[in-house]
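# Fold and geometry: a report
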Amino acid sequence: MSDRTDSEVENPSVDEAAADAANVHERLSHKLADARLGGSEKRREKIQASGKLLVRQRLELLFDDTDYVEDGLLARYEEGLPGDAVVVAYGRIDGRKACVIANDYSVKAGTWGKRTFEKITQAQKNADDAGIPIVYLFDSAGARIDEQFDSFAGRHAWGNIFYNQVQISGRVPQVCALFGPSPAGSAYVPALCDMTIMVREHATAYLGSPRLAEMVTGEQVTLEEMGGADMHCTVSGLGDVLVEDDAEGLNAIRVWLSFLPANWETPPPMAAPLAPRSGRTLEDIVPLKESEVFDMEEFIESLVDEGSWFPYKELFAPEMLTGFARIEGRAVGLVGNQPQHMGGTIFPNSSDKAARFIWICNAYNIPIVFLADIAGYMIGTQVEREGIIRHGAKMVSAVSDCRVPRITVLVRKAYGGGYLAMSGAPMNPDAVISLPTARPALMGPDAAVNGIYYNQIQAIEDPDERQAFITKKRDEYAEDIDVFKIANENAVEAVVPSNDLRAELVRRLDLYSRRKMTRVERRQAVTPV
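Per chain, the residues get numbers from 1 upward, laid out in the order the sequence is written. Whole-chain, interface and lining totals are the exception, using all residues; otherwise, since this is a predicted model, local features are given only for residues with pLDDT of at least 70 and side-chain atom pairs are given and counted only at 80 or more. With hydrogens and water excluded, all non-hydrogen atoms of the structure serve as input to the side-chain values.

## What about the environment of Asn349?
As a reminder, the rule being used: The numbering of helices and of strands both runs from the N terminus, where a helix is a DSSP run of H or I of at least 4 residues and a strand a run of E of at least 2. Three exposure classes are used, based on accessible area relative to the maximum for each residue type with a 1.4 Å probe and protein chains only: buried under 20%, partly exposed in between, and exposed over 50%. Throughout, a contact is declared for two residues whenever any of their heavy atoms are within 4.5 Å.
Inspection of the secondary structure assignment puts Asn349 in helix 15 (residues 348–363). The partly exposed category is assigned to Asn349, whose relative accessible area is 37%. Sequence spacing of Asn349 and Pro318 is 31 residues, and the spatial spacing of their C-alpha atoms is 9.5 Å. Apart from residues lying up to four places away in sequence, Asn349 is in contact with Phe316 and Ala317.

Below, the structure written as structure tokens:
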């Protein structure tokens, strides 16, 4: 006869229920651990052998700790595609919350599937609602052709990712690091971010592969030539920062975000003030003669807190310097002409570079300091055909539309339209500060003398006499370009000794950052392109 009671016969034993519960939890633990591994061991080993990190190794380096939450880990796990090849995680970077969307290249080469866009678009919405930055860690072979009918043509599809990026733009920072490929449509993700970091010899971005290009156009080109990191950071301008490996790229993300607020409604974070690096003073760096070249980057690093200069698009259009730095702990954007490259003259690409950086600063409440040593826009048939007027108008538009505190420093020459593009007084900056070396004028001595005295010069037959005439008139014109004359006409807010510039900027940035932000009362500006 059985010793069990009737109730024990009718219901599973406590031991059996506990065993079932333990089995469920054991199965869950196994599935979670397995999903976090990503693809096969062979695939993971191949990725690491190529010099790249696995996706969760990247997260470990990017986040402050491993205490992050993850969405959709088990999506498509039962189909052998854990997470559908994308990791969505929320954690802290330098103590502040951030959303990270990262391709898992070990799962079907990080390709986009029918659940990928669901995870990405929901993460975008979550980050926007929470007011936190979005970091895209891209390493993907693109969209899956065999899943296109689930994910391409409908209202809920891959394209929602790009739509969301545009809607979010200017509300929370969006930064993308390319660790591997980003072909076809997925290449628009880095293009639509505020900042794009590319790893040399690993990152690629292109709309059509070399094989497709050869088939369609007959062109034979390598993958690196078509869309490599070096090309994009120096020629196309898609890449903003070129790094050597994954770890350097992840560190660049942390540095970039350290200058920015979490969202457009908050001020940028302050840091502990640091003195500028030791070395030559600003007065030593800037020559009095316009014909003598100096390094504006040295000028910047002798002006800002030591080690804080972070260039933006350093390798692209180097005649224009743009980047973040700190002055007495305060984040600032810097836009400066670089005399060491093309005399600092503005070209179409440098106009685009400056305009985009100004838009970023204006979006995220970063005050801007312009450092002008500008002869003007480049002239000639080639740049006219390249659209110098159209591109130049883009920079003027960005400057004019800027509402964050804006200070212009006349370092040396400031001629013609270049003076306006570099936020000259007619562009209504908060202040124009002139150094004693400044030479503002409609045009430089050589161009002015040629324009005014062209007929007289041509009428002088003797070469020595002609040159003597030109030199005399040029010197007379140069003497008339006097910083004290524009100060006398109240065309600048202050003339300060070069070595006092930093202290002057500290006081004025503190003052102007206290004023209430103003908005343009219109629906949409028609921006030059």
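On we go.
## Overview of the pairing of strand 4 (residues 134–138)
Short version of the rule: The rule for pairing is simple: two strands pair if DSSP sees at least two bridges between them. We call a crossover right-handed when, viewed with the strands running away from us, the connection from the first strand over the helix to the second turns clockwise.
In terms of residue burial, strand 4 counts as a mostly covered element, since five of its five residues are buried. Residue alternation in strand 4 divides its side chains into two sets, Ile134, Tyr136 and Phe138 and Val135 and Leu137, and both sets are buried. Pairing between strand 3 (residues 96–103) and strand 4: four bridges, direction parallel. What sits directly across from Ala102, in strand 4, is Leu137. Taking the sense of rotation as the criterion, the β-α-β connection linking strand 3, helix 5 (residues 116–130) and strand 4 turns out right-handed. Here strand 4 runs beside strand 5 (residues 174–178); their pairing, made up of five bridges, is parallel. When the sheet's bridge partners are listed, Ile134 is paired in strand 5 with Gln174.

## Digging into a nonpolar patch on the surface
Applicable threshold: Residues enter patches when they are more than 30% accessible in relative terms and free of salt bridges; like-charged ones are connected within 9 Å and nonpolar ones (Val, Leu, Ile, Met, Phe, Trp, Tyr) within 5 Å. Computed with the Shrake-Rupley method and a 1.4 Å probe, the accessible areas treat only the protein chains shown as cover for residues. Here a salt bridge means any side-chain nitrogen of Lys or Arg lying within 4 Å of a carboxyl oxygen belonging to Asp or Glu.
On the surface, Leu212, Met215 and Val216 cluster together into a nonpolar patch covering about 330 Å² of accessible area. By the secondary structure assignment, Leu212 is in helix 9 (residues 210–217).

## Re the packing of aromatic side chains
Remark: the centre distance and the inter-plane angle together describe each pair of aromatic rings, the angle taken between the planes. The line we're drawing: For this analysis, a ring pair means two rings from Phe, Tyr or Trp (six-membered ring only for Trp) whose centres lie within 6.5 Å, classed as stacked if their planes differ by under 30 degrees, edge-to-face if by over 60, and tilted for the remaining angles. By the criterion adopted, a ring carries a charge over it if an Arg CZ or a Lys NZ lies within 6 Å of its centre and within 35 degrees of its normal.
Tallied over the entire structure, the rule returns 11 aromatic pairs. Seen from their ring centres, Trp112 and Phe138 are 6.1 Å apart, and the 90° between their planes marks the pair as edge-to-face. In this pair, Trp112 sits in the loop between strand 3 and helix 5 while Phe138 sits in strand 4, placing the two residues 26 residues apart along the sequence. With a centroid separation of 4.9 Å and 40° between ring planes, the pair formed by Trp256 and Phe324 is classed as tilted. Of this pair, Trp256 sits in helix 12 (residues 246–259) while Phe324 sits in strand 11 (residues 320–327); the two residues are 68 residues apart in sequence, bridging distant segments of the chain. Judged on exposure class, the residue Trp256 and its partner Phe324 are both buried. Feature note: the residues Trp256, Phe259, Phe310, Tyr312, Phe324 and Phe357 constitute an aromatic cluster, connected by ring pairs. In this structure, Lys52 packs its charged tip against the face of Tyr105, placed 4.3 Å from the ring centre.

## Observations regarding the pattern of salt bridges
Within the structure shown, the criterion is met by 31 salt bridges. Between Asp129 and Lys125 there is a salt bridge; the shortest N-O distance is 2.9 Å. Remark: Lys125 and Asp129 occur in helix 5; sequence separation between them is four residues, near one turn of the helix. On the basis of relative accessibility, which here comes to 47%, the residue Lys125 falls in the partly exposed class. Ionic pairing is found between Glu301 and Arg277, a salt bridge with its closest N-O pair at 2.6 Å.

## A closer look at the confidence of the model for the protein
Applicable threshold: How sure the predictor is of each residue is captured by pLDDT, a score from 0 to 100.
The predicted model of the protein averages 91 in pLDDT, with 97% of residues at 70 or higher. Under a pLDDT of 50 for its full length, residues 1–9 has, in the predicted model, one contact with residues more than four places off or in other chains.

## Topic: the packing of helix 15 against helix 17 (residues 388–400)
Rule in force here: Interaxial angles span 0 to 180 degrees and are taken between N-to-C directions of axes, which are lines fitted to C-alpha atoms, for helices over the stretch in contact. Reported orientations rely on four angle classes, namely roughly parallel under 35 degrees, roughly antiparallel over 145, roughly perpendicular from 65 to 115, and oblique for the rest. The sense of a crossing depends on the near helix, which, turned anticlockwise from the far helix by less than a right angle, makes the crossing left-handed and, turned clockwise, makes it right-handed. Under the scheme applied, nonpolar residues are Ala, Val, Leu, Ile, Met, Phe, Trp, Tyr, Cys and Pro; charged residues are Asp, Glu, Lys and Arg; polar residues are all the others, including Gly.
In contact at an axis separation of 8 Å, helix 15 and helix 17 are set at 20° when each is read in the N-to-C sense. The orientation of helix 15 with respect to helix 17, classified from their angle, is roughly parallel. Every pair of crossing elements has a handedness; the one defined by helix 15 and helix 17 is left-handed. Where helix 15 abuts helix 17, its residues Pro348, Ser351, Asp352, Ala354, Ala355, Ile358 and Trp359 lie against Ile388, His391, Gly392, Lys394, Met395, Ala398 and Val399. The residue makeup of the contact of helix 15 with helix 17, split by class, is nine nonpolar, three polar and two charged.

## Quick notes on the state of the cysteines
By definition, a disulfide links the sulfur atoms of two cysteines through a covalent bond. Stated formally: When two cysteine sulfur atoms lie within 2.5 Å, the pair is treated as a disulfide.
On inspection of all chains with the given rule, the structure shows zero disulfides. The thiol sulfur of Cys193 is not disulfide-bonded, and the nearest other cysteine sulfur, from Cys176, lies at 5.0 Å. The thiol sulfur of Cys402 is not disulfide-bonded, and the nearest other cysteine sulfur, from Cys361, lies at 7.4 Å.

## A look at the side chain of Thr121
We apply this condition: We call two N or O atoms a polar contact when they sit within 3.5 Å, provided that within protein one can donate a hydrogen and the other can accept it, with sequence-adjacent residues counted only if both atoms are side-chain atoms.
Within the secondary structure, Thr121 sits in helix 5. Looking at Thr121, the relative accessible area reads 15%, which means it is buried. Within the structure, the side chain of Thr121 is placed 2.6 Å from the backbone oxygen of Phe117, a separation counted as a polar contact. Once you skip the residues sitting within four places of it in the chain, Thr121 turns out to touch Asn160, Ile161 and Asn164.

## Details of the sheet that holds strand 2 (residues 86–93)
Spatial strand order, 1-2-3-4-5-7-9: seven strands in an open sheet with mixed pairing. Looking along the sheet, the strands with just one partner apiece sit at the ends: strand 1 (69–71) and strand 9 (241–243). Recorded for the sheet is a direction-independent mean angle of 20° between the axes of neighbouring strands. The pairing of strand 1 with strand 2 spans three bridges and is classified as antiparallel. Directly across from Glu70, in strand 2, lies its bridge partner Ala89. Of the strands in this sheet, strand 1, strand 2, strand 3 and strand 4 are in contact with helix 4 (residues 55–62), which crosses strand 2 at around 15°.

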